[in-house]
Amino acid sequence: MPRSFHSIYAHGFVRVAVATPSLRVADPAYNVERTIGLARRAAEQGAALALFPELGITAYTNDDLFHQESLLRATEEALARLVTASRELLPVLIVGAPLRFEGRLFNCAVVVYRGRVLGLTPKTYLPNYREFYEKRQFNSARDLINGEVRLLGEAIPIGNDLLFEAANIDNFTIHAEISEALWTPIPPSTYAELGGATVLANLSASNVTIGKGDYRRSLCAAHSGKCIAAYLYSAAGPGESTTDLAWDGQAIIYENNELLAESDRFINEEQLTLADIDLERLAQDRMRTTSFNDSISEHLPRLRQLRRIRFEFELPVGR
């Protein structure tokens, strides 16, 4: 349908949301209902994308419970519930879940839109230092044998090289990465943005330590600026286990080094953090920045391997 002149989507903007849900450890049925509830709130606000925390369907702090058959089955049942509910929801949903493929377990970003799983992005960098020991439970995206797996009875693309591209909104291309990627010298999103991704989404759990909130901001600001992109970051909030760690629920949205929105921290309520991204500005800035385009030329073989998942975005009415 024609876009209203008064819609932000008629002027090169998209609205995005970063969600901080309430969770229960090892309770996918409860967690998916909280996820759907916040996704509905994002839809009511006209958001095109809603990002949720790392492993939010199960919670992050399950430790070796991740290897329990009952939890993995319940996770798939919860995802099926989410996919069904998404048929009536406006935003692209990016949620976190532990999923088993090729006989191994992966910490995945699941990209869902209008009753379909568009793709899966497993975590690439698994921290195994200080308070982290993720390699005990999970395998890296680098360890995948195949580029496609079966989930909920469908063949689904999988990998950290997936770009989710809206066919009917100029410059609206999404890439997902998970937590530790932002702390590395070359995150997967670096190649994604050189390949055209404008909205970079990071599902994180990210326990809090002294000064970490400021450090997350600086990382998101710098990466969004260097990539000339929007960077969305979601940290785990209320409900995660505090046996060993603490959580602050920090949600951040940056656009090209500018902070657009941030959640409150250390509160026991669910939150939805929203901002409007100027995709047209990002495209213009990239076009005129010669060093950005030189970087594309430097990495053409790698960029040509990126896979594009195209979808038709249903524009919100009256937004």
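A brief report on the enclosed structure follows. Keep in mind that this is a model prediction, so the values were computed, not measured.

Conventions we followed
- Residues numbered from 1 in each chain as written.
- Predicted model: local features only at pLDDT ≥ 70, side-chain atom pairs only at ≥ 80, totals over all residues.
- Heavy atoms only, no water.
- Core = buried A, V, L, I, M, F, W, Y, C linked by side-chain atoms within 4.5 Å.
- Buried < 20%, exposed > 50% of the residue type's maximum accessible area, 1.4 Å probe, protein only.
- Helix = DSSP H or I, 4+ residues; strand = E, 2+ residues; numbered from the N terminus.
- Polar contact = N/O pair within 3.5 Å; in protein donor to acceptor, adjacent residues only side chain to side chain.
- Contact = heavy atoms within 4.5 Å.

Let's shift gears to the nonpolar core. One finds Val14, Ile94, Ile169, Phe172, Leu232 and Phe313 to be the most contacted residues of the largest nonpolar core, which totals 60 residues. Counting 34 residues, the second largest nonpolar core, distinct from the first, contains Ala50, Ile57, Ile156 and Leu272.

What follows covers the side chain of Asn62. Residue placement: Asn62 occurs in the loop between β2 (49–51) and α2 (69–86). A relative accessible area of 3% means that Asn62 is categorised as buried. Separated by 2.7 Å, the side chain of Asn62 and the backbone oxygen of Ala59 make a polar contact. Discounting residues that sit within four places of it in the chain, Asn62 has contacts with Val25, Ala26 and Leu71.

Its place among the elements puts Asp248 in the loop between β11 (230–234) and β12 (251–255). Here Asp248 falls in the buried class, since its relative accessible area comes to 3%. Side-chain polar atoms of Asp248 contact the side chain of Arg216, separated by 2.9 Å. Sequence-distant contacts of Asp248, that is, excluding residues within four places in its chain, are made with Ser206, Val208, Arg216, Ala235, Ala236, Asp264, Arg265 and Phe266.

To continue, consider the environment of Arg265. When you line up the elements, Arg265 lands in the loop between β13 (258–262) and β14 (271–278). Classification of Arg265 by relative accessible area gives partly exposed; the value is 25%. Separated by 18 residues in sequence, Arg265 and Trp247 place their C-alpha atoms 8.8 Å apart. In this structure, Arg265 is in contact with Val208, Gly213, Arg216, Arg217, Asp248 and Gln250, ignoring residues within four places of it in sequence. Within the local environment of Arg265, its side chain forms a polar contact with the side chain of Asp248, the two groups lying 2.7 Å apart.

Treat this as a map of the structure, not an account of what it does.
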